[in-house]
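Chain by chain, the residues:
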Amino acid sequence: MTETFFINRSFDECKVTVTGNAAYTGSAVTPPVKVTAGSRTLVKGVDYKVTSSSVKMGNGTATVEAIASSGYTGTKSVTFKIRPAKAVAKVVNSTYNKQKVTWNKVAGATEYRIFRSTDNKNFTRIGTVKAGKDRVFFSKNLKTGKMYYYKVRAVTIQKVNG
């Protein structure tokens, strides 16, 4: 009579790596994860599953947890950075010496900072718009014949008691 036994290995022997980055969305974020046991790459959904914690934009970090299954036991957590979501600026209307700049809404932003450049390298902050207001800024006193470039940075400002 032959019996087959499977010996579960500890997840402590495995390496869990966050392989990509994640942008803030206002909800729990789960970045791509790679789990290896020596030279073997484990398969998500077969050897392990992944969960992540919710994150507040203020600290910019979250934790992802790999939970073992199929031949492995235990869990392993890794902390990863959450990058702020990007606001994308576009000029929607130009007149003689004025341009209307708009951008997308970014979850968690408390304000948007608008920057302008004439060489697309050296940007100067030209304004701030509070979140909750229309996402529009009028860039004024422009010179005809010049090319202008814009960037909008979404910012989260947290009030600290004290």
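Values in this document were obtained by computation on a predicted structure and should not be read as measured data.

Draft legend 1. Main features of the overall build of the protein. From N to C terminus, the protein includes zero helices and 15 strands. In the protein, which comprises 162 residues, the proportion classed as buried is 30%. Considering only intrachain contacts with a sequence separation of at least 6, the fraction spanning at least 24 residues in the protein is 50%. As displayed, the protein has an accessible area near 10900 Å², and 48% of this comes from carbon and sulfur atoms.

Draft legend 2. Layout of the pattern of salt bridges. Taken as a whole and judged by the stated rule, the model has three salt bridges. Across the pair D47 and R40 runs a salt bridge whose closest N-O atoms are separated by 3.3 Å. The buried category is assigned to D47, whose relative accessible area is 4%. Measuring nitrogen to oxygen at the nearest pair gives 2.8 Å for the salt bridge that ties R113 to E111.

Draft legend 3. Region of the structure containing unusual backbone geometry. Within the chain, N120 stands out as a residue other than glycine whose phi angle is a positive 65°. Among the structural elements, N120 can be located in the loop between β12 (111-117) and β13 (124-130). Relative accessible area serves as the criterion here: at 43%, N120 is assigned to the partly exposed category. In the Ramachandran plot, N141 falls in the positive-phi region, its phi being about 55° despite a non-glycine side chain. Take N141: it is sitting in the loop between β14 (136-139) and β15 (149-155).

Draft legend 4. Examining the nonpolar core more closely. In terms of nonpolar packing, the biggest core is built from 20 residues, with F11, C14, V35, L42, Y48, Y72 and I82 touching the most fellow members. When contributions to this core are tallied by element, the ones reaching two or more residues are β4 (33-37), β6 (48-52), β7 (61-68) and β9 (75-83). It is β7 that provides the largest number of residues to this core, a total of four residues. Beyond its immediate stretch of four places on either side in the chain, F11 contacts V35, L42, Y48, A66, I67, A68, Y72, T73, G74, T75 and K76.

Draft legend 5. The sheet that holds β15, seen in detail. Strands sit in the order β13-β12-β15 across an open sheet of three strands; the sheet is antiparallel. Single-partner strands in this sheet number two, and they are β13 and β15. Averaged over all pairs of adjacent strands, the angle between strand axes in this sheet comes to 25°, irrespective of strand direction. Here six bridges tie β12 to β13, and the two strands are oriented antiparallel to one another. The residue bridging R116 from the neighbouring strand is T124, located in β13.

Draft legend 6. Spotlight on the sheet that holds β14. Taken in spatial order, the three strands of this open sheet run β10-β11-β14, and their pairing is antiparallel. In this open sheet, the two edge strands, each paired with only one partner strand, are β10 (89-95) and β14. If you compare each strand with its neighbour and ignore which way they point, the axes differ by 25° on average. Both β10 and strand β11 (residues 98-103) contribute to a ladder of six bridges, which runs antiparallel. By the bridge assignment, S94 is partnered in β11 with Q99.

Conventions adopted
Residues numbered from 1 in each chain as written. Predicted model: local features only at pLDDT ≥ 70, side-chain atom pairs only at ≥ 80, totals over all residues. Heavy atoms only, no water. Helix = DSSP H or I, 4+ residues; strand = E, 2+ residues; numbered from the N terminus. Buried < 20%, exposed > 50% of the residue type's maximum accessible area, 1.4 Å probe, protein only. Contact = heavy atoms within 4.5 Å. Areas by Shrake-Rupley, 256 points an atom, 1.4 Å probe, with all protein chains shown as cover. Salt bridge = Lys/Arg side-chain N within 4 Å of Asp/Glu carboxyl O. Core = buried A, V, L, I, M, F, W, Y, C linked by side-chain atoms within 4.5 Å. Pairing = 2+ DSSP bridges. Axes fitted to C-alpha atoms, helices over the stretch in contact; angles between N-to-C directions.

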